[in-house]
Each structure stands twice: as C-alpha cells, then as structure tokens.
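Observations on the three-dimensional arrangement
Listed here are the chains, written in short residue letters.
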Amino acid sequence: MAPKPKPAPSQPPAPPPLEDLFTTLNKHIQASAFTNAVKLTDQILAIAPGDEDALRCKVVALIKDDRFDDAISAIQSSKTPPEDFHFLKAYCLYKQNKLDEALQSLQKHDRNDETMLLESQILYRLGKMDACLDIYQKLQKSKIDMLEINSVAALVMAGRSSEVQGWLDSFRVKATSSFELAYNTACSLIQRNKYTDAELLLLSGRRIGQESLMEDNWPDEDIENELSPIAVQLGYVQQLLGRKQDAIEAYVDMIKRDMADESSIAVAVNNLVSLKGPKDVSDSLKKLDRLKEKEAQSFRLAHGLDLKLSAKEREAIYANRVLLLLHANRIDQARELVSALPDMFPESVVPVLLQAALLVRENKAGRAEEVLAQFAGKFPEKSQVLYLARAQVAAAAGHPHIASDSLTKIPDIQHMPATVATLVTLKERASDVEGAASVLDSATKWWSNAMTEDNKLNIIMQEAASFKLRHGREEDAAKLYEELVKSQGSMDALVGLITTVARLDVIKAELYEKQLKTLPGLKGIDVDSLERTSGVKRVEAPPQAGVTEMNEEGKNKTKTKKKRKRKPRYPKGFNPANPGPPPDPERWLPKRERSTFRPKRKDKRAAQVRGSQGAVVREKHDGGASSNQSNLKSNQATTSKGATQSAASEQSKPSSSKPSSKSRKKSRN
C-alpha cells in the first residue's frame, strides 16, 4: 500500500480586521464596559504594537476603571509616547494624590485651557490658593463649566471671603444659581461671621438641589448623598449660633444614615467630637476609629478620606484625636500620634502645639517652653500663636519672666489693654516694678498718638496712675490724673488727683477740691462748725443702784411680754376629747430594759438527766465534807467565770448591759 500523505499543518485563524476590532472597542466604551475595552486593546496592540490610538484607548479605559497604576504603566510602556500622554499621566498622579509629580508631568505639556484647569486643581489640593486663583482669573473668558463654583471655593480657602461677591458679579451669576454655588457662598458668609445669612442660604441651596436633582430623576438615596455636605454645614452653623442640641441631632442623624459620602461623615464625626469635648471620651474615640484605615494598627485616616478631605480638615481630626487621648490618659498612644504629625503637616504649627500639650501633661513644662520657642523662630510668620502658648505654659508653671518675655515678642498686641494688664501682673509677680512701669508708659504713649475711634487712653492712664500710686510714685500719678482731668474731665480722675495731691501739697489739693460738685442735701450743713465741735459728749454712768433698778425694770418688762399661744398639733386620728389610756412611758426603751420584762427561765430538769437513756439516777443524800467542799469550789469557779464574761461584755459595749444568764443563776445560790 502506498503511504498516506501527511496532513498539512493547520494554519492559525487569520486575525479579524482592525476596523472590526475598533468598532467593537467603540461599543465597549460607549457601554462603559471598560474591562472588556482593556482586553480588546491588548488584542489590537498584539496585532499592531505601535498603534497610538489603541494605546490611548487603553489608557483612557484604565483611568475610567480607576486603575491608575496600570494606566501609568501603559503610558511608560510606549517608547515614543504622544504629547497628550503627559496630561494623562499628570491626571493619574493627581488622582493618586502625588501632587508634586503631577505638576512636573503637566509642565511638559502645552499650556491650554484643559491643562490650566488641571493645574488649578492640583494647586488647590496643594493649598496654593493664590496661584490657583490667578489661573481662574485667566480662564474667566473661557466657557468652562463650574468655573465660578471652583473660584468661590478657592477664595474661601485663601481667606479672601470679602472678594466673593465681586467675583460673582464678574461672572454675572447669583449665589442661588446652583446648590454648589450656594454652598460655597454660604461658606464665605460663615468665614465673615454672618451665620444667620449663611443658614438661610444653605436652606435655599438644599431646596434648589432637591428640585434640580429630582428633575434629573435621581433616586432619593443619591439625592441625600449629593446634598450631605449642605446638611453637615447646617449643623455647623447651628453649632456656631449656640443651638448645640440641634447641631448634635444633625450630626448624629448624618452618622446613623451611613451615607456614601465618606468626607461628610468624617466632618460630622469630627464636629460631634469637638462639640462633646471631654465628655464620654471612650465613645468619641470609638467614633473616630470609624475613620481610620482598617488594616493599620495605629490611627491613620482611610486612603479615600486622605484624598477627599482638605489639609485643614485632616489636621483637625488628628488634633482632636490627640486631645481625646490626653483626656483618656493614654499617653503612649498620644505620643506616637504626635510624633507622626510633623511629617504629615510640615508647614503647620498645630503639631508643635500638640507636642507642647503632651509635655505639659507629662509635667515637663520647661521642655514645652523650649520647643515652642524653637519653632517660633522657625516659623516667624506664625510665631504669634506659639508665643501665646509659651506665655500660657510659663505663667501656669510659675515662670513669670518667660511668660512676659513671650508676650513682649508679639508686637501687634502690645498696646491692647488685656495684654498690658497681663504684662504688668507678670512683671509685678517677678518683682520687676520698673519693667511694669515702662509697659504702662509705652502703652500710654501709643494710645496718645493713636487715631482710632475706640481709643483706650482713658483706661490705660487710669490704671497707670493707680499703679504708680500703689508703688509710692505720687508725683507721676498726680501728673497722669491731672492730664486726665484736663483732657477727659473725668470725675473719678479728679477724685484720684485730689487724694494723690493731698499727700504732696494740701493747698493745691484744696484748689482742686473746689472743682468737685456739691452733693445734694448738704447745703444746710456748716462744715466749719462741724470741724470746731468736739464730737459726741461722753455721758457719765449713773450709780450702780440705778443700773440694777433699770435691769429689774427691764426684766419685768420682759416678763410681762405674753407669748403667742399656738394651737397644739395632735397626731392623725387623735381625739383630745377621748384620748384613751395614757401611753406607756417606757415605750421607747428596749424590752429587756423595761420594768415589766421577765426573762425566760431554763428548765432545771434538763440538767438532771445523766447517762444513757433509761438509766436510774441515784441521789446521794449523805454527801461528805469532801463533796461539799468540791461543790463550793465549783460554785466559786463558775461565779468568777460569769463575772469575767460580764466584765468583757461591759468593755466591748459603750452602753450599760446586763450580765449573762449564767452569772445571774449562780448569784441566787
């Protein structure tokens, strides 16, 4: 037989045309099936490895699927990435909160509206609000959605709330044009302490949001999640307005609903904890534990919250956590968290203040003063808070020199009456009278040259004169009082001037005394005649007999006074006409101490039974002398024993007690 021919090797099926694959890819993207789209792009890239369109579709699909690491890897796999890949990489890094790297990648791309908008968002996340607002101002002519909303948010975060209305006018929009804009504008009103107006605007924003989202056929649950920031902010405004119970109910309701907006829940938990303060610390710590990363042993906010919350919000949560740990006396946990905060917030002074609080709790006030002084030199623009904290710690620790030195390093508040009073008190406590006087002199000089409506010169000069008079500087005090009388015409200053000058020059004091107003009702009194009188005449005592008679008369008068008779009050149900038998006078005594008490006697026959049951007991009537003598000894021993027991009972009880029954029986024999 002829051999069978070998079958030809099977050819692999031909790949589908690229056009069909791209058509299918477009269908997946339109249906938001991004996982299938990524698989299909891999198939296209296997056929055409250098296809830029397929690679771009893959990166966009990975970004839409929140797979940012894979998207960055796909971008880096391209040997010659297109220019727009720098923008896509910057967006991925922004979503991963790698803001500095995102900014560097974005600088490699051409500057247009799209890149400028992403740059503004990165700067906003970095806290560089002024640079962010510069970009928004350049983009005003571009028709970009929600630009006015982002601009108002940046103004609030930059502390420039007074400029919000001007920006709204430049955009030609009203605060109630959308619920997002109403929310941001209400935040600006809160920053300007206009809490009532902010509450009204938040209520309007919530109503506008409900109506607009219902028109878009949003489910009720999604509407609540979308408007949850407004609900939390309403609770915060109620807290600021003093309606603490309403605020607590709003926060608790938000937490119980467990909405999908994690950032709103985090803010509600933080505000509730701060509102409760040191009350129920364990419950507050449990609520904060809800915000931590589940797998982390120490307290760290969840990754999603780190991305959604601003730096100030995250800092507030960590700070409240440390304060609660200090109240709960968990010093080790507080120390661990405080040591991690400087790396999280390197440009903030809050970690330094918390470190000082921890040191004070550990009774290391001196070390706390050193730390605060060190960081005050490191952050000169933020040193005011640090020096105030240092002054408070030093004053509480009994270091008046350090406290006054800290206050003198804050030039903006040197002239304020509260600061002046505190400095004078501290320097007096440190026995530095000259320093206290110089503080008052400099404050007087400052207010003398100040051109303000609310001038405090009168108060400062009055206190300075009182201080100098108290420390024996009558001449300086008199000069101050004299200036007050000339400039202010104060009657109190005139009184102080007269009392002060009277110690130095009586004639001059009399001249000032003529400026005092006469008191009403004193016109008919001759002061000179009162001064010439020798006072009240002394009445000589009458004879002793007269005194005794007066005493007797007084006693008789007191005896003649009749006391008011009051109707007797009887017990309930008592009839005085038929009182019945009189009550027992011994009813308040214990029964054993009453005269009618008869103790129970023991049965004498019980002592006569001897031997086993049924045995006959023989009585010996003819006892000898030895038996009588033994009975006598036994009686004596028993009697002495009973007396000893009675004495012991008398020593143990403070009140009188009867002897035991055994001793009483023997006494009858």
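Provided above is the structure to which this section pertains.
Residues numbered from 1 in each chain as written. Predicted model: local features only at pLDDT ≥ 70, side-chain atom pairs only at ≥ 80, totals over all residues. Heavy atoms only, no water.

**Focus: the side chain of Ser-348**
- Tracing the chain through its elements places Ser-348 in the loop between α20 (331-344) and α21 (350-361).
- Ser-348 gets classed as buried once you look at its relative accessible area, which sits at 15%.
- At 2.3 Å, the side chain of Ser-348 and the side chain of Glu-315 are in polar contact.
- In this structure Ser-348 touches Glu-315 and Lys-382, once residues within four positions along its chain are discounted. (Helix = DSSP H or I, 4+ residues; strand = E, 2+ residues; numbered from the N terminus. Buried < 20%, exposed > 50% of the residue type's maximum accessible area, 1.4 Å probe, protein only. Polar contact = N/O pair within 3.5 Å; in protein donor to acceptor, adjacent residues only side chain to side chain. Contact = heavy atoms within 4.5 Å.)

**Focus: the packing of aromatic side chains**
- Applying the stated criterion across every chain, the model contains five aromatic pairs.
- A centroid spacing of 6.3 Å and a plane angle of 45° characterise the contact between Tyr-91 and Tyr-94, whose relative ring orientation is tilted. Taken together, the residues Tyr-91 and Tyr-94, both in helix α5 (residues 84-95) and three residues apart, mark about one turn of the helix.
- The exposure class assigned to Tyr-94 is buried, which follows from its relative accessible area of 11%.
- Through pairs of rings, three or more aromatic residues link up here, namely Phe-299, Tyr-318 and Phe-345. (Phe/Tyr/Trp six-rings, centres within 6.5 Å; stacked < 30°, edge-to-face > 60°.)

**A closer look at the side chain of Asp-261**
- In this structure, Asp-261 sits in the loop between α15 (244-257) and α16 (262-276).
- The buried charged residue Asp-261 lacks any salt bridge, with Lys-308 as its nearest oppositely charged partner at 5.3 Å.
- Among the polar contacts made by the side chain of Asp-261, one reaches the side chain of Ser-228 at a distance of 3.0 Å.
- Side-chain polar atoms of Asp-261 contact the side chain of Ser-264, separated by 2.6 Å.
- When neighbours within four sequence positions are excluded, Asp-261 is seen to be in contact with Asn-225, Ser-228 and Pro-229. (Lys, Arg positive; Asp, Glu negative; His and termini not counted. Salt bridge = Lys/Arg side-chain N within 4 Å of Asp/Glu carboxyl O.)

**Details of the packing of helix α4 (residues 68-77) against α5**
- At their nearest, the axes of α4 and α5 sit 10 Å apart, and the two run at 155° to each other. Here α4 is positioned roughly antiparallel relative to α5, judged by the angle of their axes. Considering only the axes of α4 and α5, their crossing is left-handed. Contact residues: α4 offers Phe-68, Ala-71, Ile-72, Ile-75 and Gln-76, while α5 offers Phe-85, Leu-88, Lys-89, Cys-92, Leu-93 and Lys-95. (Axes fitted to C-alpha atoms, helices over the stretch in contact; angles between N-to-C directions. Parallel < 35°, antiparallel > 145°, perpendicular 65-115°, else oblique. Left-handed = near helix turned anticlockwise from the far one by under 90°.)

**Some remarks on helix α23 (residues 383-396)**
- Between the first and last C-alpha of α23 there are 20 Å, a value that for 14 residues agrees with the 20 Å anticipated at 1.5 Å per step.
- Every buried residue belonging to α23 is among Ser-383, Leu-386, Tyr-387, Ala-389, Arg-390, Ala-391, Val-393 and Ala-394, and all of these are buried.
- In this structure, the buried residues of α23 make contact with α21, α22 (365-378) and α24 (400-408).
- At the exit of α23 stands Gly-398, carrying a positive phi of roughly 80°. (Expected span 1.5 Å × (residues − 1).)

**Overview of the nonpolar core**
- If you look at the biggest cluster of nonpolar residues, it comprises 67 residues, and the most contacted ones within it are Val-59, Ile-63, Leu-88, Leu-118, Ile-122 and Tyr-136.
- When sequence neighbours within four positions are dropped, the list of residues in contact with Ile-122 reads Tyr-94, Leu-99, Ala-102, Leu-103 and Leu-106.
- Among the nonpolar cores identified, the runner-up in size contains 37 residues, and Ala-268, Val-273, Leu-275 and Val-322 belong to it. (Core = buried A, V, L, I, M, F, W, Y, C linked by side-chain atoms within 4.5 Å.)

**What to know about the pattern of salt bridges**
- Per the counting criterion, the structure on display carries 23 salt bridges.
- Glu-211 is paired through a salt bridge with Arg-207; the nearest N and O atoms lie 3.8 Å apart. Placement of both Glu-211 and Arg-207 in helix α12 (residues 195-215) is noted, with a separation of four residues, approximately one turn of the helix.
- For Glu-211, a relative accessible area of 42% gives the class partly exposed.
- Of the residues examined, Arg-207 reaches a relative accessible area of 43% and is grouped as partly exposed.
- Of the charged contacts, one joins Asp-283 and Lys-276 as a salt bridge, the two residues approaching to 2.9 Å between their closest N and O atoms.
- Overall, Asp-283 belongs to the partly exposed group, its relative accessible area being 23%.

**Description of α5**
- Under the 1.5 Å per step criterion, the end-to-end length of α5 is 17 Å for twelve residues, consistent within 8% with the ideal 16 Å.
- Taken as a whole, α5 has its buried residues at Phe-85, Phe-87, Leu-88, Ala-90, Cys-92, Leu-93 and Tyr-94.
- On its buried face, α5 sits against α3 (52-64), α4, α6 (99-106) and α7 (113-126).
- Downstream of α5 by a residue or two, Asn-97 has a phi angle that is positive, lying close to 65°.

**Regarding the environment of Val-371**
- For Val-371, the location among the structural elements is in helix α22.
- For Val-371, a relative accessible area of 2% puts it in the buried group.
- C-alpha of Val-371 to C-alpha of Ala-356: the two residues are 15 residues apart in sequence and 7.0 Å apart in space.
- Not counting residues within four places of it along the chain, the set of residues in contact with Val-371 comprises Val-352, Gln-355 and Leu-359.

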